[in-house]
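Tertiary structure, described
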Amino acid sequence: MSAVETLKLIGRPNAYYPKLAKLLGGVNPAVLFSQLFYWQDKATSDLGVYKTRDELEEETGLSHNEQRTAIRKLQDKGVLIVTEKRLDHKTFYKIDNGKVNEILAKFAESINQSSRSKESNSPELDNVAFGATTKSSSLYQENTTKTTTETTTNNITVKPQKPKRACQLPDNFKPNEHHRDIALNENINLDTEFIKFKDYCLANGKQYIDWNAAFNNWLRNAGGYKKSNKTPSKFMTLAERNRAVLESMRS
């Protein structure tokens, strides 16, 4: 398998704002901030976006410990508000846009001051010097990109990602928002189906690689089963039709 094919199996890349690393206390806080910032306008709660630690690990590659450290740094900077709903077993994350604007305004001001200082202290460059500098910079960037690409390719070739193994139902496995959406679309009771799913898997010693996907299939099958078991229509006599009308009026 080639390196490109391996990259396709790993999944899509996740973009972040590199220059925020110095402002927010490191690369991990910048990566986590960028991902939560992406989800802010998609949040359905005033508390912000609901994400589990496993979902954040899947989206950013940050382990639970790395997430805790990054969250603490973002809270110390004042840009992240974390609300824990312990009874619902949910954690909400909300970006403080006012604080972010304040930090970015100071950052922009420092860049402008630095730029003005360099312009006042540096002599003007002639066209020949500017051309040589541009050529040198382009050559450096080309060499750096080539070296980084070769290193990444070698690492992927030498150390392929280990496949995940199937495991039994985790103790902390709970329905997520995607499960709630499926249950709503299928018109079924999420809590009831989760109890059935959990009992069935424990009783039969089921093991899955992706428990979220397994529960997705369970919910869809339950919805299809419910639809297929609707009472078929039958011919009604006049007396039966009148009785049905009276019962509907009473209810």
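Everything numeric here is computed off the predicted structure, so don't read it as measured data.

**Some thoughts on helix 5 (residues 64–77)**
If you check helix 5, its first and last C-alpha atoms are 20 Å apart, about what 14 residues at 1.5 Å a residue would give, namely 20 Å. Regarding helix 5, the residues found buried are Gln-67, Ala-70, Ile-71 and Leu-74. In an axial view of helix 5, the angular spread of the buried residues amounts to 105°, which keeps them on one side of the axis. Pointing more than 90 degrees away from the buried face of helix 5 are the exposed residues Asn-65 and Asp-76.

**Focus on the packing of aromatic side chains**
Counted according to the given criterion, the structure contains twelve aromatic pairs. Judged by centre distance (6.4 Å) and plane angle (80°), the rings of Phe-173 and Phe-215 are edge-to-face. With Phe-173 in the loop between helix 7 (127–158) and helix 8 (177–186) and Phe-215 in helix 10 (residues 211–228), this pair connects stretches of sequence that are 42 residues apart. Like Phe-173, the residue Phe-215 is buried in the burial classification. Measuring from centroid to centroid gives 5.5 Å for Phe-197 and Trp-218, while their planes differ by 65°, and the two rings are edge-to-face. Highlighted residues: Phe-197 in helix 9 (residues 190–204) and Trp-218 in helix 10, separated in sequence by 21 residues. Residue class for Phe-197 comes out buried when judged on its relative accessible area of 2%. The structure contains a cluster of three or more aromatic residues connected by ring pairs, namely Phe-173, Phe-194, Phe-197, Tyr-200, Tyr-208, Trp-211, Phe-215 and Trp-218. One Lys or Arg, Lys-42, reaches over the ring of Tyr-38 and ends 3.9 Å from the middle of that ring.

**Observations regarding the packing of helix 3 (residues 27–39) against helix 5**
At their nearest, the axes of helix 3 and helix 5 sit 9 Å apart, and the two run at 85° to each other. The angle between helix 3 and helix 5 places the two elements in the roughly perpendicular class. Between helix 3, through Asn-28, Pro-29, Leu-32 and Phe-33, and helix 5, the contact on the second element is made entirely by Glu-66, Gln-67, Ala-70, Ile-71, Lys-73 and Leu-74. Residue classes in the contact of helix 3 with helix 5 are distributed as six nonpolar, two polar and two charged.

The rules we used
Residues numbered from 1 in each chain as written. Predicted model: local features only at pLDDT ≥ 70, side-chain atom pairs only at ≥ 80, totals over all residues. Heavy atoms only, no water. Helix = DSSP H or I, 4+ residues; strand = E, 2+ residues; numbered from the N terminus. Expected span 1.5 Å × (residues − 1). Buried < 20%, exposed > 50% of the residue type's maximum accessible area, 1.4 Å probe, protein only. Arc of directions from axis to C-beta. Phe/Tyr/Trp six-rings, centres within 6.5 Å; stacked < 30°, edge-to-face > 60°. Lys NZ or Arg CZ within 6 Å of the ring centre and 35° of its normal. Axes fitted to C-alpha atoms, helices over the stretch in contact; angles between N-to-C directions. Parallel < 35°, antiparallel > 145°, perpendicular 65-115°, else oblique. Contact = heavy atoms within 4.5 Å. Nonpolar A, V, L, I, M, F, W, Y, C, P; charged D, E, K, R; others polar.

Geometry only, nothing functional implied.
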